[in-house]
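Structure assessment
Chain by chain, the residues:
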Amino acid sequence: MAVVVVESPAKAKTINKYLGPGYTVLASFGHVRDLPPKDGSVDPEHDFDMKWEVAADSKKHLRAIAEALKSDNDLILATDPDREGEAISWHLTEALAKSKAIRKDTPVKRVVFNAITKSAVTEAMKNPREVDMELVRAYLARRALDYLVGFNLSPVLWRKLPGAKSAGRVQSVCLRLIVEREMEIEAFRAQEYWTVTATLATPRGAEFTARLTTLAGKKLEKFDLATAASAELAVQAVTSRDLFVQSVEARPANRNPAAPFMTSTLQQEASRKFGMGAKQTMAAAQRLYEAGHITYMRTDGIDMAPEAVAAARAEIARRYGKEYVPSSPRIYKNKAKNAQEAHECIRPTDMAADPESLRLTDADQRRLYELVWKRTIACQMESARLERTTAEIGSKDGQVGLRATGQVVLFDGFLKVYEEGRDDEGEDDGRLPQLAHGDATAKRAVTPEQHFTQPPPRYTEATLVKRMEELGIGRPSTYASIVTTIQDRGYVRKEKNRLIPEDKGRLVTIFLLNYFRKYLEYDFTADMEEQLDDISAGERDYKDVLARFWRDFSAALEETADLRISEVLEKIDEALAPHLYPPREDGGDPRVCPTCGKGRLNLKTSRSGGAFIGCSNYPDCRYTRPLSGDEGDSELAGDGKLLGHDQGDPIYLRTGRFGPYVQRGDATEDNKKPPRASLPKSWSPDVVDLERALSLLSLPRLIGAHPEDGEPVEAAIGRFGPYVRHNKTYANLADVDEVFTIGMNRAVELLATKAARGGRGAAAQPLRTLGDHPDGGAITVMPGRYGPYVKWEKVNATLPKDITPEDVTLEQALALIDAKAAGKGKKKTASKKAASKPVAPKTTTPKTTTRKAPAKKPASGKSAKSDDAE
C-alpha cells in the first residue's frame, strides 16, 4: 500500500474512489509551511536563507500523514500540476523528512494529472517522477520577492503615510492601473457632436435606417457637426433633396468561435455574463475540478488534448448534426507573453456530460460548468456564415450621402451553442430590405441626435484581469487574490461591478510613484515575471535574480529613511494638484480658501488614514472638504447652506473631510464643537431640508422603555449603519428611514432575535462545562469571535488550534488558565496535574538582519504582510 497526498479533502475523496483499497489518500489542506509574518524570514545577508514555519493547523495533518507512513512506507505526492502544487509537494517532503517520518528507504514519487478522472489518475500513477526543483526554485524566488517587498515597503508606508496598510510587488502595480484610469476619467472633458439618421422606405414600403455620411460633397468626420445649428442645417440638406439607391453590396463573411477558456478568460466571461468576481469564479471552478467535472482551472494554455478534441467533435455530430463539425479540428495556440503555467485549457472532463445531466445543486458551479461546457463544444464547431450588406444612398447632385448596413446569419454554426460576451455593448445590424440600384427612397423621418464623447470606462474585475494579462503582470494563480486584496485593504471599492479607487489608494499610489517608481513600472513587473519563468525553465539562478533585485530595492528603501511626513504630503499634493484644485469658473486661484479668503488649501491626512483638503489657517479657519469633493459645489463649501432656524439656532448643511453633514449653530469660543450629524450614504444633499436635518440631529431617538426591564430602547445611525439598542444588545435595521419610524414591538422583536443568535451584548452560552477549579468556580468552554476558549472567573485562555472544544480535558484547561493568569502577572492559581499537551511558548520577533534598515514594529496591531504571496 502507498500513502497518496493531495491538497484538499474533496480532491482526496474523488481520487480515493479511482485508486481503490490499495492506497491511503490524505489531504494536506494546502500549504503546510510558510514564511512567518515577521522580520528576518528571508535573510538577504545570508544568501537569502528562508526560515519556514509549519502552520498550527497543518501540524495535525502532517501527523496524520506521518502515522500512515509508519505502516505504508511509500509516499506519492499528487498535488496540483503547477508551480504551487510542486511547492506543496516539496514542503511536504521537507517537513516529513525533518520530523523523520520519511526514512532513507522511503520511496517518494511525484505524480501529476490535469483532470481528476479515472483514466487520468491511473495513467499518472504509471508515470511517476521526482519533484521538479526548477519549478520549486521559481516558487522560492517569487515567495522571497513578495516577502522582501511586502515586509520592507509596508512599514515605510505606515511611517510616512498615516493610514496606509500595505504594499505588494504586484498588488501595488494593479492598484496603479485603477488609480490612473480614475485620473484619466477626472481629466476628461466631454466634447459635443451630432449625428443625423434618416428613416427611409423602399418603393415597396419597407422601412430601414440610414446614417448621414456625406454633406456638401465631403465625407463627414466625427466632430464636423459640432452644434445643434450645424446638425439642423444637415437635416435641411437631407429633407430638401430626393434620395436614390446608388449602390448595394452584399459580401459573405465568416465568424469563428472563441478559443476555449484559460484562467483569465474564464474570469472575464463569468464577470460579463453573471457578474461573478474573480475570487467567486475561482472558488466555484476549484470545486468543479476537485469533483472531477473540469480540468485544472489555473492555466495560461488554450490548447486541448487530441482525445478531448475528438470527443468534442463526436458530441457535436451526435447533438447537432455533421454539418456543424468542421472538416478538420480547430487548433488553438497560446498568444500570451508568458505561458509558464500553460497546461491544457479549462474544459469538461466528459464532453457528453452536459449541464442538465450533472444536476449540480450549487448555483455558481452550475452556471460556471454550463459556461465551460458550451464554450468548449462551440470552439470545435463550424464557423457561422453571414451576409453583410452595405447600401449607399444619395442625392443626384452629390451633396448628400447616407449609408445603411445590415447583416443576416445564413448558417448559425457555433452560435447555435454559445456566443462570447463583450465589454463594450454594441448593436448588431438587422437585415436590410431588398434594395436595387436606382431605387427611389422616401423620407419618413430625418432626426438629429446629440452625443458627447465618453471617458474611458472604469475597470471591472474582468477588464482589469484582461489588462493585467496584456501587460504580463501576475499569473493565473494570482489574478483573483490580487484583485481581492486591494479591495480588502480599503484601497479600492466596487460599485455596480466597477472598481473605484479610495482616497487611501490614490495616496499610496502617488507615494510609491514618487519614491519607488521603478517598482511600479509595468515593464519592470512584467520583466520580473519573465525572469521567474526563466527560473522555472532552468535558465536562471534564482538567487542571482534575488540579489540583483535586493541591491537596488534596499538602496531605494534607505533613501526614504529621512523623509518627513510633511515632505511626503507636499509631494503628493503637488502631484495631485490638477485633480484636487481644478480651475474655477471665475478664473480665481483654486487654492485660496473659500471661507477665510486668506489661507491656502492643501492636502492633509487624519489619524484614521483618510485624506482631505483643509485650510492652512487652521485652527483659526476650519474649512475642510473631501479629497474627491466637488469644489464647484459652492453652496455647501465654506459656511454651507442655511436650511433654517430651530429654537433660535441656525441649521446648516455643509461638506467636510468625511462628506456632507448637518450642523446646529456656529462654532464659538464657548461652543467650539457644535452638534453635527453626517448624512447617511443613501441621502443625497439635494433632498435634505430643515425637517430631515433636525431628525438627524435629534439622534439617538428614544423609542421607549423595554417592556421587560424598563430600560430605554433607542434607534440611531452608527458606523455600520442604522440600528436599535437595548442595554448592550444591538440589532441592525434594513433601512436608514426606519430609524425615525420603528416602534417598540418591532424593535423588541429584532433585539430578541439578535440576542437568541448570540449577538453583540447577548450572553454567550458555554459549549461545555469541564468541572470546578481547585480555587472554586466552574471552568467552561466558550465560543469566541477568534475561536473557542476556556473561561474561569475573569481569566480567558484561547484553545490551541490542535485542541478542539470536544476533546479538551479539565487538566488541559487548568494548565491553559494557569499560563494565562501568570502571563497577566496574577497570582498563579493552584492546579492539578499538568496538561497533557503543553501550551506553545510565545515566539519573539528576531531583529531584522538587513543592514541600516530601521526597526519595523507594526503600529496599532498591524502585521506586516506581503499581499502578493500566493
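Residues numbered from 1 in each chain as written. Predicted model: local features only at pLDDT ≥ 70, side-chain atom pairs only at ≥ 80, totals over all residues. Heavy atoms only, no water.

1. Some points on a positive patch on the surface
Taken together, the side chains of Arg 622, Lys 672, Lys 673 and Arg 676 make up a positively charged region of the molecular surface. Residue placement: Arg 676 occurs in strand E24 (residues 676-678). Given the relative accessible area of 52%, Arg 676 is considered exposed. (Patch = residues over 30% accessible without salt bridge, like charges linked within 9 Å, V, L, I, M, F, W, Y side chains within 5 Å. Areas by Shrake-Rupley, 256 points an atom, 1.4 Å probe, with all protein chains shown as cover. Salt bridge = Lys/Arg side-chain N within 4 Å of Asp/Glu carboxyl O. Lys, Arg positive; Asp, Glu negative; His and termini not counted. Charge placed at Lys NZ, Arg CZ, Asp CG, Glu CD. Helix = DSSP H or I, 4+ residues; strand = E, 2+ residues; numbered from the N terminus. Buried < 20%, exposed > 50% of the residue type's maximum accessible area, 1.4 Å probe, protein only.)

2. Re unusual backbone geometry
Peptide bonds are trans in most cases, and residues, glycine excluded, mostly fall at negative phi. Following Tyr 618, the chain continues into Pro 619 via a peptide bond in cis, with omega recorded as 10 degrees. Following Leu 699, the chain continues into Pro 700 via a peptide bond in cis, with omega recorded as 0 degrees. Looking at the secondary structure, you find Pro 700 in the loop between helix H19 (690-697) and strand E25 (701-705). The backbone phi angle of Phe 48 is positive, close to 55 degrees, even though this residue is not glycine. Within the secondary structure, Phe 48 sits in the loop between strand E4 (42-43) and strand E5 (49-50). Judged by relative accessible area, which is 7%, Phe 48 ranks as buried. Its identity is not glycine, yet Asn 727 carries a phi of approximately 55 degrees, on the positive side.

3. Let's talk about the nonpolar core
Grouped together as the largest cluster of nonpolar side chains are 84 residues, with contacts concentrated most on Phe 511 and Phe 516. A per-element tally of this core places helix H5 (residues 133-160) first, with 14 residues. Listed in part, the 59 residues of the second largest apolar core include Val 111, Met 304, Phe 414 and Val 417. (Core = buried A, V, L, I, M, F, W, Y, C linked by side-chain atoms within 4.5 Å.)

4. Observations concerning the sheet that holds E25
Spatially, four strands are ordered E25-E26-E27-E28 in an open sheet, and the strand pairing comes out antiparallel. Single-partner strands in this sheet number two, and they are E25 and strand E28 (729-732). Between one strand axis and the next, the sheet turns through 25 degrees on average, direction left out of account. As paired strands, strand E26 (residues 712-718) and strand E27 (residues 721-726) are joined by six bridges and run antiparallel to one another. Note on E27: the bridge partner recorded for Ala 716 is Tyr 723. Packed onto the sheet, helix H20 (residues 744-756) meets E25, E26, E27 and E28 and runs at close to 110 degrees relative to E28. (Pairing = 2+ DSSP bridges. Axes fitted to C-alpha atoms, helices over the stretch in contact; angles between N-to-C directions. Contact = heavy atoms within 4.5 Å.)

5. Side note on the pattern of salt bridges
Opposite charge on two side chains permits them to pair, given that their charged atoms come into close proximity. Counted according to the given criterion, the structure contains 48 salt bridges. Across the pair Glu 529 and Arg 169 runs a salt bridge whose closest N-O atoms are separated by 3.9 Å. Residue Glu 529 is found in helix H16 (residues 522-536), and its partner Arg 169 is found in the loop between H5 and helix H6 (171-187); the two are separated by 360 residues along the sequence. Pair check on accessibility: Glu 529 and Arg 169 agree, each one buried. Residue Glu 186 pairs with Arg 506 through a salt bridge whose shortest N-O separation is 2.3 Å. Placement of Glu 186 in helix H6 and of Arg 506 in helix H15 (residues 503-515) is noted, with a sequence separation of 320 residues between them. Accessibility expressed as a relative area gives 8% for Arg 506, which makes it buried. Salt bridges linked by common partners bring Arg 142, Asp 146, Arg 169 and Glu 529 together as one network.

6. Here's the deal with the packing of H15 against helix H18 (residues 565-580)
Two numbers describe how H15 lies on H18: the axes approach to 10 Å, and their chain directions differ by 100 degrees. The angle between H15 and H18 places the two elements in the roughly perpendicular class. Contacts between H15 and H18 pair Leu 507, Ile 510, Phe 511, Asn 514 and Tyr 515 from the former with Glu 567, Val 568, Lys 571, Ile 572, Ala 575 and Leu 576 from the latter. Residues of the contact of H15 with H18, tallied by class, amount to eight nonpolar, one polar and two charged. (Parallel < 35°, antiparallel > 145°, perpendicular 65-115°, else oblique. Nonpolar A, V, L, I, M, F, W, Y, C, P; charged D, E, K, R; others polar.)

7. Observations regarding the pairing of strand E14 (residues 400-411)
Residues in a regular strand project their side chains so that they alternate between the two faces of the sheet. Pairing between strand E10 (residues 207-215) and E14: four bridges, direction antiparallel. Bridging from a neighbouring strand, Leu 212 pairs with Leu 402 of E14. As paired elements, strand E13 (residues 384-394) and E14 share ten bridges and run antiparallel to each other. Note on E14: the bridge partner recorded for Ala 391 is Ala 404.

8. Details of the confidence of the model for the protein chain
Put simply, the protein chain has an average pLDDT of 85, and 89% of its residues get 70 or more. When the criterion is pLDDT under 50, residues 336-340 qualifies, and its contacts beyond four places in sequence or with other chains add up to 18 contacts. Low pLDDT (under 50) marks residues 826-870, which in the prediction has 94 contacts with non-local residues, meaning those over four places away or in another chain. (pLDDT = per-residue confidence, 0-100.)

9. Focus: the sheet that holds strand E32 (residues 795-798)
Read across the sheet, four strands follow the order E29-E30-E31-E32 without closing on themselves; strand pairing throughout is antiparallel. Of all strands in the sheet, those with a lone pairing partner are strand E29 (768-772) and E32, marking the two edges. The sheet shows a mean angle of 20 degrees between the axes of neighbouring strands, direction not considered. The sheet contact formed by strand E31 (residues 789-792) and E32 spans four bridges and is antiparallel. In the sheet register, Trp 792 faces E32, and the bridge partner there is Val 795.

10. Remarks on the environment of Ala 611
If you trace the backbone, Ala 611 turns up in strand E19 (residues 611-615). On the accessibility criterion, Ala 611 (3% relative accessible area) is buried. In this structure, the C-alpha to C-alpha distance between Ala 611 and Glu 502, residues 109 residues apart in sequence, is 9.7 Å.

11. Section: H16
Helical geometry: 3.6 residues make up each α-helical turn, so side chains three or four residues apart lie on a common side. An ideal rise of 1.5 Å per residue puts 21 Å on 15 residues; H16 measures up with 21 Å between its terminal C-alpha atoms. Taken together, the buried positions of H16 are occupied by Tyr 522, Thr 525, Ala 526, Met 528, Glu 529, Gln 531, Leu 532, Asp 533, Ile 535 and Ser 536. Positive phi shows up at Gly 538, right after H16, with a value of about 80 degrees. (Expected span 1.5 Å × (residues − 1).)

12. Comments concerning the packing of aromatic side chains
Across all of its chains, the model carries 18 aromatic pairs by this definition. Each ring, one from Phe 511 and one from Phe 516, has its centre 6.4 Å from the other, and the planes form 45 degrees; the classification is tilted. Judged by its relative accessible area of 0%, Phe 511 is buried. Feature note: the residues Phe 511, Tyr 515, Phe 516, Tyr 519, Phe 524, Phe 549, Trp 550 and Phe 553 constitute an aromatic cluster, connected by ring pairs. In this arrangement the basic side chain of Arg 33 is found over the ring face of Trp 90, its NZ or CZ atom lying 5.4 Å from the centre. (Phe/Tyr/Trp six-rings, centres within 6.5 Å; stacked < 30°, edge-to-face > 60°. Lys NZ or Arg CZ within 6 Å of the ring centre and 35° of its normal.)

13. Some details on helix H2 (residues 56-71)
Inspection of H2 places Ser 58, His 61, Leu 62, Ile 65, Ala 66, Ala 68 and Leu 69 among the buried residues, and these make up the whole buried set. Down the axis of H2, the smallest arc covering the buried residues is 160 degrees, so these residues share one side. Exposed residues on H2 whose side chains face more than 90 degrees from its buried face are Lys 70 and Ser 71. (Arc of directions from axis to C-beta.)

14. Examining the pairing of E25
One ladder, built from four bridges, connects E25 with E26; its direction is antiparallel. What sits directly across from Gly 704, in E26, is Val 713. Joining the antiparallel neighbours E25 and E26 is a turn of six residues, in which Gly 710 adopts a positive phi near 75 degrees.

15. Examining the environment of Gly 656
Topologically, Gly 656 is positioned in strand E22 (residues 649-656). Residue Gly 656 is classed as buried on the basis of its relative accessible area, which comes to 4%. Sequence separation between Gly 656 and Pro 626 is 30 residues, and the spatial gap between their C-alpha atoms is 6.0 Å. Setting aside its immediate chain neighbours within four residues, Gly 656 contacts Thr 624, Arg 625, Pro 626 and Tyr 661.

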